[in-house]
Amino acid sequence: MALVFSSCGLGAVMNLSALKTNVSSSRKKFLTCKRSKIVASNQGTNTTASYSALATEPLTKEDLIAYFSSGCKTKEMWRIGTEHEKIGFDVKTLRPIKYEQITALLNGISERFDWDKVMETGTIIGLKQGMQNISLERGCQLELSGAPLETLHQTYDELNSHLYQVKTVAEDLGIGFLGIGFLGIGYEPKSNLEDATIVRKRRYDIIQGYLDRSGSGPDLGLRTCTVQVNLDYSSETDMIRKFRASLALQPIATALFANSPFSNGKPNGFLSIRSHLWIDTDKNRTGMIPFVFHDSFGFERYVEYALDIPMCFLHRNKSYLNCRGMTFRDFLSGKTSHLSHEQPTINDWENHIGTIWPEVWLKRYLEMRGADGGSREILCALPAFWVGLLYDDESLQTVLDMIADWTTEEREMLRTQVPVTGLKTMFRDGPLKHVAEDVLKQAKDGLERRNYKETGFLDAVTEVAITAESIRRISVYEGPIFLAKPGVTPAEKLLKLYNGDWGQSVDPLFHEMQY
């Protein structure tokens, strides 16, 4: 999910009184996150939110804190939820697909592969099957929000099944999809913004209107394409450790997966323009949120942050009400005029935090948001990268030690510079590529200790980060190794093809990457 709040949320029936029992009024520093009184899915990426407030008392800040603590799960219940988007194009004209084409695709997948249709005002806007959801982003990007799964092998099987279904129906309709072929892409490479097909949903229009007023352009919702992974935490302490590690290392992921060097048919000066566009997007609700690294950070501190961010909408009776910049704190305290008749619910809170987009997103799990969309191999490598780092205690501690003395200024520099120079970004005493290589080693070691034989899913990005020195070192001890183009990001590979075999045209990209 790139920009807007998705209807794919947490499947749960939540008792507000029960929520309050999980947060001590004494505000203990670290919550233990008891689970006995809350019924919830293992991971909340894939089922429609359906909260029911069984208690009649008003919503309180304590309830909001308990919302996050209710996401805690024992380690054996940790799962992997992958989300990835595909940019559609007409195979004859290479122009963005029309709305009629994408709805035909959704109807075809529903009818042929037994998905339930998701409708809005009589129009199909998505599909649901079990704990998987297919939805449309504002620019008609097709997104799969996968089920919470135990292993990377299962995520690979889920991806292949999805691509097979899309390919089978799309070929009949004459539609191809960027992002699931030879290299994949993170940004629509050829068409102008005016050519984009816009999905008309009321909540999309409200959010885009808010972003326009804050100085952000429409590109994020209309032309970007990403892959994300959602991972669990066991306690407030575990959430803090994972949040800090993943937020600091998010620019490393951006560099490794950089894959959006073209705009309007030519190079745009970035390796990841998708990532760059987020830098100028409403700084109140995006970015590297430095307070995560403060001693005071925890569930309550994140609630305080979210309370003061302007709300975008309320969802009432199948309609969306514009909040006109009202903060959730104002809403909670009743300090609002045009919506004074509305009472806050826990579902309103979930909707609100779904419109906050830092580089790592806290819901009742953590969502990694730094990577461009890409090929089949890339779509599998992103969850492998973060699972290896965050689901293994030894690797997690190693990277926490690694980033312990990184300053706020250094983290911000990486966030700003990496979309331009990628792994060549200079960091302290050398290029970022050396840091990325060390991080990838920890990801691989973490996967090996999981004992699921998952390390092969990292191959696509291991090749990106490996240095000439490492190749020579490995060759001495393990014999010769052969890599197609070691040390080159997906974006740099595309630029080399553009300036070479493609004759400075992006048109061959569509044909070579068509699934």
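Residues numbered from 1 in each chain as written. Predicted model: local features only at pLDDT ≥ 70, side-chain atom pairs only at ≥ 80, totals over all residues. Heavy atoms only, no water.

Describing the overall build of the protein chain
Moving on, step 1. When you go through the protein chain residue by residue, the secondary structure sums to 19 helices and 21 strands.
Moving on, step 2. Partitioning the intrachain contacts of the protein chain with sequence separation of at least 6 by distance along the chain shows that 77% fall at a separation of at least 24.
Moving on, step 3. When the accessible area of the protein chain is evaluated, it comes to approximately 19,600 Å², of which 51% is carbon and sulfur surface. (Helix = DSSP H or I, 4+ residues; strand = E, 2+ residues; numbered from the N terminus. Contact = heavy atoms within 4.5 Å. Areas by Shrake-Rupley, 256 points an atom, 1.4 Å probe, with all protein chains shown as cover.)

Details of empty space enclosed by the protein
Moving on, step 1. With the rule as written, the count across this model stands at eight cavities of 30 Å³ or more.
Moving on, step 2. Volume-wise, the largest cavity comes out at about 120 Å³.
Moving on, step 3. Surrounding the largest cavity, 14 residues form its lining, Ile87, Pro96, Gly139, Glu188 and Leu222 being those nearest its centre.
Moving on, step 4. Mapped onto the lining of the largest cavity, the elements with two or more residues apiece are β5 (80-90) and α6 (219-223). (1 Å grid on protein atoms, 1.4 Å probe; cavity = no way out; pocket = protein on both sides within 12 Å on 5 of 7 lines; lining within 4 Å. Points joined across faces, edges and corners; volume = space filled by probe spheres on them.)

Here we look at the packing of helix α4 (residues 152-173) against helix α12 (residues 376-390)
Moving on, step 1. Relative to each other, α4 and α12 sit at 155°, their axes nearing to 10 Å. Taken together, α4 and α12 sit at an angle that is classed as roughly antiparallel. Seen from above, α4 lies across α12 with right-handed handedness. Contact with α4, carried on its side by Leu152, Tyr156, Leu159, Asn160 and Leu163, involves Arg376, Leu379, Cys380, Pro383, Ala384 and Val387 of α12 and no other residues of that element.
Moving on, step 2. For the contact of α4 with α12, the residue count by class is nine nonpolar, one polar and one charged. (Axes fitted to C-alpha atoms, helices over the stretch in contact; angles between N-to-C directions. Parallel < 35°, antiparallel > 145°, perpendicular 65-115°, else oblique. Left-handed = near helix turned anticlockwise from the far one by under 90°. Nonpolar A, V, L, I, M, F, W, Y, C, P; charged D, E, K, R; others polar.)

Points about the pairing of strand β16 (residues 319-322)
Moving on, step 1. Here strand β15 (residues 313-316) runs beside β16; their pairing, made up of four bridges, is antiparallel. Residue His315 lies in a different strand from β16, and its bridge partner there is Tyr320. (Pairing = 2+ DSSP bridges.)

Some remarks on the confidence of the model for the protein chain
Moving on, step 1. Per-residue confidence for the protein chain averages 85 on the pLDDT scale, and 83% of its residues sit at or above 70.
Moving on, step 2. Every residue in residues 1-15 scores below 50 in pLDDT, and together they form 85 contacts with partners more than four places removed in sequence or on other chains.
Moving on, step 3. Ignoring residues within four places in sequence, the model shows residues 471-484, a span with pLDDT below 50, making 14 contacts including any to other chains. (pLDDT = per-residue confidence, 0-100.)

Some points on unusual backbone geometry
Moving on, step 1. In the Ramachandran plot, Leu94 falls in the positive-phi region, its phi being about 65° despite a non-glycine side chain.
Moving on, step 2. One can find Leu94 in the loop between β5 and α3 (99-113).
Moving on, step 3. One non-glycine residue, Asp114, adopts positive backbone phi at about 65°.
Moving on, step 4. Relative to the elements of secondary structure, Asp114 occurs in the loop between α3 and β6 (116-120).
Moving on, step 5. Under the relative-accessibility criterion, Asp114 is labelled exposed at 62%. (Buried < 20%, exposed > 50% of the residue type's maximum accessible area, 1.4 Å probe, protein only.)

Thoughts on the pattern of salt bridges
Moving on, step 1. Applying the stated criterion across every chain yields a total of 27 salt bridges.
Moving on, step 2. Notably, a salt bridge pairs Arg428 with Asp405, separated by 3.2 Å at the nearest N-O pair. Placement of Arg428 in the loop between β20 (426-427) and β21 (430-431) and of Asp405 in the loop between α13 (393-403) and α14 (408-421) is noted, with a sequence separation of 23 residues between them.
Moving on, step 3. One continuous salt-bridge network, built from bridges that share partners, spans Lys61, Glu300, Glu304, Asp308 and Arg329. (Salt bridge = Lys/Arg side-chain N within 4 Å of Asp/Glu carboxyl O.)

Topic: α13
Moving on, step 1. Buried within α13 we find Ser395, Leu396, Val399, Leu400 and Ile403. What you see down the axis of α13 is that its buried residues fit within an arc of 135°, all on one side.
Moving on, step 2. As for α13, its buried residues are in contact with α7 (236-256), α12 and α15 (432-450). (Arc of directions from axis to C-beta.)

Observations regarding the environment of Trp361
Moving on, step 1. Along the chain, Trp361 turns up in strand β18 (residues 360-362).
Moving on, step 2. Sequence separation between Trp361 and Phe243 is 118 residues; the distance between their C-alpha atoms is 8.7 Å.
Moving on, step 3. In this structure the side chain of Trp361 is engaged in a polar contact, spanning 3.1 Å, whose partner is the backbone oxygen of Ile356. (Polar contact = N/O pair within 3.5 Å; in protein donor to acceptor, adjacent residues only side chain to side chain.)

Some remarks on the nonpolar core
Moving on, step 1. Core analysis: the largest hydrophobic core is formed by 100 residues, its most contacted members being Phe68, Phe243, Leu256, Tyr302, Trp349, Phe385 and Trp386.
Moving on, step 2. In this structure, Leu256 is in contact with Phe385, Leu423, Ala436, Leu440, Val461, Val464, Ala465 and Pro490, ignoring residues within four places of it in sequence. (Core = buried A, V, L, I, M, F, W, Y, C linked by side-chain atoms within 4.5 Å.)

What to know about the packing of α12 against α15
Moving on, step 1. Two numbers describe how α12 lies on α15: the axes approach to 7 Å, and their chain directions differ by 75°. Taken together, the axes of α12 and α15 are roughly perpendicular relative to one another. Contact residues: α12 offers Ala384, Phe385, Val387, Gly388 and Leu389, while α15 offers Val439, Leu440, Gln442, Ala443, Gly446, Leu447 and Arg450.
Moving on, step 2. By residue class, the composition of the contact of α12 with α15 is eight nonpolar, three polar and one charged.

Quick look at the environment of Arg138
Moving on, step 1. With respect to the element layout, Arg138 can be found in the loop between β8 (132-136) and β9 (142-145).
Moving on, step 2. For the pair Arg138 and Asp205, spaced 67 residues apart in sequence, the C-alpha to C-alpha distance is 9.0 Å.
Moving on, step 3. Arg138 has contacts with Thr197, Ile198, Val199, Arg200, Tyr204, Asp205, Gln208, Gly221 and Leu222, leaving out every residue within four places of it along the chain.
Moving on, step 4. There is a polar contact of 3.1 Å between the side chain of Arg138 and the side chain of Asp205.

A look at the packing of aromatic side chains
Moving on, step 1. Counting across every chain of the model gives 22 aromatic pairs.
Moving on, step 2. Summarising the aromatic geometry, the rings of Phe243 and Tyr302 are spaced 6.2 Å apart at their centres and angled 50° between planes, so their arrangement reads as tilted. Taken together, the positions of Phe243 in helix α7 and Tyr302 in helix α9 (residues 299-307) put the pair 59 residues apart, joining distant regions of the chain. Each member of the pair, Phe243 as well as Tyr302, is classed as buried.
Moving on, step 3. Put simply, the rings of Tyr67, Phe68, Tyr233, Phe243, Phe291, Phe297, Phe299, Tyr302, Tyr305, Phe328, Phe331 and Trp349 touch in pairs and so form one group of aromatic residues.
Moving on, step 4. The ring of Phe291 carries Arg301 above its face, with NZ or CZ at 4.1 Å from the centroid.
Moving on, step 5. Sitting over the ring of Phe293, Arg411 keeps its end group 3.6 Å from the ring centre. (Phe/Tyr/Trp six-rings, centres within 6.5 Å; stacked < 30°, edge-to-face > 60°. Lys NZ or Arg CZ within 6 Å of the ring centre and 35° of its normal.)

Description of the pairing of β5
Moving on, step 1. Among the 11 residues in β5, 11 count as buried, and that is most of the element.
Moving on, step 2. Every second residue of β5 is oriented toward a common face, with Ile80, Thr82, His84, Lys86, Gly88 and Asp90 on one face and Gly81, Glu83, Glu85, Ile87 and Phe89 on the other, all of them buried.
Moving on, step 3. As defined by bridge partners, β5 adjoins strand β11 (residues 226-231) across five bridges and the pair is classed as antiparallel. What sits directly across from Thr82, in β11, is Val229.
Moving on, step 4. Strand direction decides the pairing type here: β5 and β9, joined by four bridges, are antiparallel.

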